[in-house]
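# Coordinate analysis (summary)
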Amino acid sequence: MRNLAIFFFGLMLFLPSLTLAQSRSSATVTVTISVAPIANIDFPNGTDFIITVPRNASPRGATIQPVRIPFTVRGNAIAAVSARPDVFLQAADGTFYGRALGPDGGLEALGYDIVVQFPVPSQNYAGLPTRGGFGGGRTRENYASLPGFDEVPTETLAADMVQQKHTAYGTIHLVARHG
Amino acid sequence: MMTKKNKPGPRGLACLAALLGAIALPNAAQAQQVSNDVFQTNVNIDVLPFATLEFTETGTPLLYLEIPPASSSTIPGSGVPFEVSGNATASISAAPHEFMFIPHVGSSGAWMGKATQGGEDLGYRLQVEFPDEGVVGSNIQVGQLPGTSPDGTTPLEVDLTLTGGMRAGIIHLIANKAWTLDGGIPLPGLYEGTIILTLTADY
């Protein structure tokens, strides 16, 4: 009987506890990131320029060298580029050009055309599409110049940045002529 | 020769009586008439530690950011706020449901949460503030993804009994358009992911 009693008391001591020492639960939060079409343009050399007119510049003499302004476009969609001067002038023949101020602070001005090429093969691409004259808009797919009939920018040139692997280069040529 | 049997002593008889009393089932035929006696029994009530989490804004909890700008964050004011109620020490951690490794972040890359649009992935970071307001003896605590492994934030523990059984927190999202596998700009669209908050309560 004593052994039976000891057995029962021992059994009561070793019954497992049902008390939980910790509770645990979880919840979820949804994450949504909306990415819009992105196109950023960067001018590694800035946008200021100087057009140098040689002393002997003339329609049949020394020419005025174009100024080249490279730019880089980065984006994730179709990027469209156009350019316009901040100030226009109208030449004697009625054509509208950009107006570059002379060293005298504006007493003299020089008209220039803008030729945009986009995209171009490399970052420092120096090629300039030439034809009999400049202006009049566009004759090639990746080239546009000032229309000349009003104070309006060049036509828009577009490139698919995804196909360009998110980076495309372009060049703005500023072309001035004597006279 | 007769064998003398062992008889139970007084202690043994008392134990046996106690056991028999514990397992005997009363029935009407054996009811005893009791008067002017006090019976006492011990009742044990185990109060388990518990904690519950409730999002304080209506609707499905959503962390939302727009790109551009290049780097976006819901800090300081547009995260998902929540309240934890309970009777013990509550511990909360957060982890993205899916991770991705961005090799060009920092000096040796970083593990981040993964938001997905079709086959395109975009990394994100998160930040948990719990509690998001400090009281004496219980300061503001901030948890972030470690970045060195695909693990959630370090659990943040708060003793809820110090403040009447409730504390508030908030979870934030950080995104950057450069957090893609190749470092390029992500395609336009909605990138989606899920964060799992885990709450435990313990004494």
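Residues numbered from 1 in each chain as written. Chains lettered and ligands numbered in written order. Predicted model: local features only at pLDDT ≥ 70, side-chain atom pairs only at ≥ 80, totals over all residues. Heavy atoms only, no water.

What follows covers the overall build of chain A. On a plain count of helices and strands, chain A comes out with one helix and 10 strands. When the helices and strands of chain A are read in sequence order from the N terminus, they spell out α-β-β-β-β-β-β-β-β-β-β. Buried positions account for 34% of the 179 residues belonging to chain A. Counting only contacts in chain A whose residues sit at least 6 apart along the sequence, the fraction spanning at least 24 positions is 67%. Total accessible area on chain A stands at roughly 11100 Å², and carbon and sulfur atoms take up 53% of it. (Helix = DSSP H or I, 4+ residues; strand = E, 2+ residues; numbered from the N terminus. Buried < 20%, exposed > 50% of the residue type's maximum accessible area, 1.4 Å probe, protein only. Contact = heavy atoms within 4.5 Å. Areas by Shrake-Rupley, 256 points an atom, 1.4 Å probe, with all protein chains shown as cover.)

With that settled, the discussion passes to the overall build of chain B. What chain B contains, in helices and strands, is one helix and 12 strands. Secondary structure elements of chain B, listed N to C terminal, follow the sequence α-β-β-β-β-β-β-β-β-β-β-β-β. Within chain B, buried positions represent 37% of all 203 residues. When contacts within chain B are restricted to residue pairs at least 6 apart in sequence, long-range pairs at least 24 apart make up 73% of them. Accessible surface computed for chain B: about 12400 Å², of which carbon and sulfur atoms make up 54%.

Residue and element names in this part refer to chain B. Scored by pLDDT, chain B has a mean of 85; 83% of the residues are at 70 or more. Taken together, the stretch residues 1–8 has pLDDT below 50 and engages in one contact with residues farther than four places along the chain or on a different chain. Contacts from residues 10–29, a stretch scored under 50 in pLDDT, to residues over four places away or in other chains number six contacts. (pLDDT = per-residue confidence, 0-100.)

This next bit is on the interface of chain B and chain A. Across the contact, 46 residues belong to chain B and 30 residues belong to chain A. Where chain B meets chain A, there are 16 residue pairs in polar contact (both at pLDDT 80 or more). Listing elements by their share of the side of chain B that touches chain A, those giving two or more residues are helix 1 (10–23), strand 1 (51–55), strand 2 (62–67), strand 8 (120–129), strand 11 (166–176) and strand 12 (189–202) of chain B. Considering each element in turn, the side of chain B that touches chain A owes the most residues, 14 residues, to strand 12 of chain B. For the side of chain B that touches chain A, a count of residues per class yields 34 nonpolar, seven polar and five charged. (Polar contact = N/O pair within 3.5 Å; in protein donor to acceptor, adjacent residues only side chain to side chain. Nonpolar A, V, L, I, M, F, W, Y, C, P; charged D, E, K, R; others polar.)

Okay, a nonpolar patch on the surface next. Together, V43, I45, V47 and Y203 of chain B make up a nonpolar patch on the protein surface, roughly 490 Å² of accessible area in all. On the secondary structure map, Y203 of chain B appears in the segment after strand 12. (Patch = residues over 30% accessible without salt bridge, like charges linked within 9 Å, V, L, I, M, F, W, Y side chains within 5 Å. Salt bridge = Lys/Arg side-chain N within 4 Å of Asp/Glu carboxyl O.)

Bringing the pattern of salt bridges into the picture now. One side chain can pair with another of opposite charge once the charged atoms of both are near each other. Residues and elements named next belong to chain B. Under the counting rule described, the total for this entry stands at one salt bridge over all chains. For K114, the salt bridge goes to E98, with nearest N and O atoms at 3.8 Å. Placement of K114 in strand 7 (residues 110–117) and of E98 in the loop between strand 5 (89–96) and strand 6 (99–102) is noted, with a sequence separation of 16 residues between them. Residue K114 is classed as buried on the basis of its relative accessible area, which comes to 18%. In this structure E98 comes out as partly exposed when scored by relative accessible area, which is 40%.

At the junction of I75 of chain B and P76 of chain B, the peptide bond is cis and its omega measures out at 5 degrees in the coordinates. Here P76 of chain B shows up in the loop between strand 3 (71–73) and strand 4 (80–86). A positive phi angle, close to 60 degrees, is found at K165 of chain A, a residue other than glycine. For K165 of chain A, a relative accessible area of 69% gives the class exposed. Despite not being glycine, H166 of chain A shows a phi value in the positive range, around 75 degrees. Note that H166 of chain A resides in the loop between strand 9 (157–160) and strand 10 (167–176). You can call H166 of chain A buried: its relative accessible area is 16%.

Once that is clear, we can look at the packing of aromatic side chains. Residue and element names in this part refer to chain A. Tallying each qualifying case throughout the model produces five aromatic pairs over all chains. With centroids separated by 6.0 Å and ring planes inclined at 55 degrees, the aromatic side chains of F43 and F71 adopt a geometry described as tilted. Note that F43 is positioned in the loop between strand 2 (39–42) and strand 3 (67–75) and F71 in strand 3, a separation of 28 residues in sequence. The class of F43 is partly exposed, set by a relative accessible area of 26%. Judged by relative accessible area, F71 falls into the buried class, the value being 0%. Following the ring pairs from residue to residue traces out a cluster consisting of F43, F71 and F118. (Phe/Tyr/Trp six-rings, centres within 6.5 Å; stacked < 30°, edge-to-face > 60°.)

A separate point is the environment of P66 of chain A. For P66 of chain A, the position within the fold is in the loop between strand 2 and strand 3. For the pair P66 of chain A and L128 of chain A, spaced 62 residues apart in sequence, the C-alpha separation works out to 9.1 Å.

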